[in-house]
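An overview of the molecular structure
Single-letter residue listing:
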Amino acid sequence: MTETTRPVGDATKVVLAGRRAEWTRGVGEGAIVSPPVWRASTILYDSVGHLRDSATRDTHHRLFYGRKGTPTQWSLADALTTLEPGAEGTFLYGSGVAAIAAALLSVLSPGDELLLVDSAYDPTRGMANGLLKRFGIMTRFYDPLIGAGIADLIGEQTRAIFMESPGSLSFEVQDIPAIVAAARARGVTTLLDNTWATPLFFPAIGHGVDLTILACTKYVVGHSDAMLGSVTAGPGHFKALRETSFQLGQIASPDDCWLGSRGLRTMAVRLAQHQSSALAIAQWLEARPEVAQVLHPALPGCPGHDLFMRDFKGSSGLFSFVLDGGDDASRAALIDTLELFGIGYSWGGFESLALPVDPHRYRSVTRREVAGPMIRLQIGLEDPADLIADLDAGLAAFRAVRG
Ligand SMILES: Cc1ncc(COP(=O)(O)O)c(C=O)c1O
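Residues numbered from 1 in each chain as written. Predicted model: local features only at pLDDT ≥ 70, side-chain atom pairs only at ≥ 80, totals over all residues. Heavy atoms only, no water.

Per an unreviewed UniProt entry, the protein chain is named Cystathionine beta-lyase, and its organism is Sphingomonas aerolata. According to the UniProt record, the Pathway (unreviewed entry) comment for the protein chain is "Amino-acid biosynthesis; L-methionine biosynthesis via de novo pathway; L-homocysteine from L-cystathionine: step 1/1." (UniProt positions renumbered as here; feature names shortened; annotations may be inferred.)

1. Digging into the layout of surface pockets
Roughly 470 Å³ of internal volume is contained in the largest pocket. Around the largest pocket, the lining is made up of 22 residues, and of these Leu169, Tyr345, Leu355, Val357 and Tyr362 lie nearest the centre. Class assignment for the residues of the lining of the largest pocket results in 11 nonpolar, four polar and seven charged. Summarising the domain contributions, the lining of the largest pocket has at least three residues from each of domain 2 (108-188) and domain 3 (267-402). Space inside the second largest pocket adds up to approximately 310 Å³. If you go around the second largest pocket, you meet 22 residues; those closest to its centre are His60, Trp74, Ala77, Thr90 and Phe91. Looking at the lining of the second largest pocket, the elements with two or more residues in it are α4 (71-82), β1 (89-93) and α9 (238-247). If one sorts the elements of the lining of the second largest pocket by residue count, α4 sits on top with five residues. (1 Å grid on protein atoms, 1.4 Å probe; cavity = no way out; pocket = protein on both sides within 12 Å on 5 of 7 lines; lining within 4 Å. Points joined across faces, edges and corners; volume = space filled by probe spheres on them. Nonpolar A, V, L, I, M, F, W, Y, C, P; charged D, E, K, R; others polar. Domains from an automatic or database assignment. Helix = DSSP H or I, 4+ residues; strand = E, 2+ residues; numbered from the N terminus.)

2. Observations concerning the pattern of salt bridges
Tallied over the full model, the rule gives 20 salt bridges. Across the pair Glu290 and Arg399 runs a salt bridge whose closest N-O atoms are separated by 2.3 Å. Note that Glu290 is positioned in the loop between α11 (267-286) and β8 (291-295) and Arg399 in helix α14 (residues 384-402), a separation of 109 residues in sequence. According to the relative accessible area criterion, Glu290 is buried, its value standing at 2%. Beyond isolated ion pairs, a larger network of salt bridges with shared partners links Arg288, Glu290, Asp392 and Arg399. (Salt bridge = Lys/Arg side-chain N within 4 Å of Asp/Glu carboxyl O. Buried < 20%, exposed > 50% of the residue type's maximum accessible area, 1.4 Å probe, protein only.)

3. Points about helix α7 (residues 176-185)
Restricting attention to buried positions, one finds in α7 the residues Ile176, Ala178, Ile179, Val180, Ala182 and Ala183. Packed against the buried residues of α7 are β3 (138-142), β4 (158-164) and β5 (189-193). After α7 finishes, the residue Gly187 shows a positive phi value of roughly 70°. (Contact = heavy atoms within 4.5 Å.)

4. Re empty space enclosed by the protein
Taken as a whole, this structure holds one cavity of 30 Å³ or more when the rule is applied. There is about 50 Å³ of room inside the largest cavity. Taken together, Leu80, Glu84, Asn194, Pro199, Thr212, Leu214, Ser230 and Thr232 make up the lining of the largest cavity. Elements supplying a minimum of two residues to the lining of the largest cavity: β6 (211-214) and β7 (229-233). Among the residues forming the lining of the largest cavity, the class breakdown is three nonpolar, four polar and one charged.

5. Considerations on the UniProt feature "modified residue: N6-(pyridoxal phosphate)lysine" (unreviewed entry) in the protein chain
UniProt annotation of "modified residue: N6-(pyridoxal phosphate)lysine" (unreviewed entry) refers to Lys218 when read in the numbering used here. Mapped onto the secondary structure, Lys218 falls in the loop between β6 and β7. Among all residues touching Lys218, those that are not within four sequence positions of it are Thr195, Ser346, Trp347 and Gly348.

6. Side note on the nonpolar core
Core analysis: the biggest nonpolar cluster contains 84 residues, and Leu80, Leu104, Leu114, Ile161, Met163 and Leu264 have the highest contact counts within it. By residue number, the principal contributor to this core is helix α5 (residues 96-105), which donates seven residues. Not counting the four nearest positions on each side in its chain, Leu80 is found in contact with Thr90, Leu92, Leu214, Cys216, Val220, Ser230, Thr232 and Leu264. (Core = buried A, V, L, I, M, F, W, Y, C linked by side-chain atoms within 4.5 Å.)

7. Observations regarding the sheet that holds β5
Taken in spatial order, the seven strands of this open sheet run β1-β7-β6-β5-β4-β2-β3, and their pairing is mixed. Both outer strands of the open sheet, β1 and β3, are each paired with one neighbouring strand and no more. Across the sheet, the mean angle separating the axes of adjacent strands is 20° when strand polarity is ignored. Two elements, strand β2 (residues 113-117) and β4, share four bridges in a ladder whose sense is parallel. (Pairing = 2+ DSSP bridges. Axes fitted to C-alpha atoms, helices over the stretch in contact; angles between N-to-C directions.)

8. Some remarks on the site of the ligand
Residues in contact with the ligand, as listed here, are Ser95, Gly96, Val97, Tyr121, Glu164, Ser168, Asp193, Ala215, Thr217, Lys218, Met227 and Trp347. Note that an oxygen atom of the ligand is positioned 2.9 Å from one of the backbone N or O atoms of Val97. Contact between the ligand and Lys218: an oxygen atom at 2.7 Å from a side-chain N or O atom of the residue. Relative to its free-state accessible area of 390 Å², the ligand is covered by the protein chains to the extent of 92%. For the shell around the ligand, a count of residues per class yields five nonpolar, four polar and three charged. Two domains share the shell around the ligand, each providing at least three of its residues, namely domain 1 (8-107 + 210-265) and domain 2 (108-188). (Near = heavy atom within 4 Å. Polar contact = N/O pair within 3.5 Å; in protein donor to acceptor, adjacent residues only side chain to side chain. Areas by Shrake-Rupley, 256 points an atom, 1.4 Å probe, with all protein chains shown as cover.)

Written out as structure tokens, the structure reads:
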């Protein structure tokens, strides 16, 4: 059973989505549970007539040539579209950054202006200041807490507004409904990097966002073993996204898409655990004297917390905290003492990670003063009590070096 006539919850949706009968049947009787890995470059035709006929038809969910995908990619794209009620379609990419690039290029042309949130992921900023600039697209950065005030920044040339909520280092939550309303009133397209919340905690298309982007590398894959990105388009935006992506030659590997589909089946239960463990640890850190501030959207101290409470259905496993005093050396002592936290980029996998972060390095128009060095934690699926014991040892090492 992969379809239901009754409305279902998110955990049921991620189990059913994308497992269409035509992708799981076809060899003898019965059906397999998950669409398999179909690897292909060449697609063979029955005759010259068949080949020519095929070239005149839309390739959506039809074998044509490997770059147009196989049921393995279509299944994951279909599942991600299902998770965004109101969406038109999803295109998949070999990384989250590739997804961001294709989404932006599907909207922007030379002479256009992009409004980009100042708390955006650094490679998104790099793309605006590099590739987009080279092609004559100018970027203006804006305060993540601007809300309806974005209307004052929208000018004649403004074509798109890019949001990331919360920011993945400093965790400001944006007023997405207010920004979407201001954009719509002026015919401006909105894009959101929704990697932190996923459609399960923030269904972006339903909130009026035009193009919602996931670094599927994080919670969709969920096991730190594949790179993948997606863009899901709202009404009127899929055609341009698909055409731009084809023209860029974008295709995600079937093996990685299969890992994405496998990860998706458990995403709801993983996110529930990431949420409860991260909240427990964030609250424990808040009570520690060595910690000046915890930046977790579900906690009142986080900028935009009220918006989080209004708009989001849950919180995931990534947040930052600010140490009370200390310097880079005492911060490094803390992180180096941890035994259960890996030191590395990325997040969203089953394992915990700790990273020194300095968000002020990646700002153009806003700066938030903090009391000391910052650490970002990705809380994995380990026992939270074990992670707390590990952090306790880390804080002792921090105290010893800080003095
Ligand atoms: C918020 C955010 N968006 C996008 C990306 C890019 O994803 P990828 O590493 O798959 O290119 C990342 C990666 O860390 C991220 O943290």
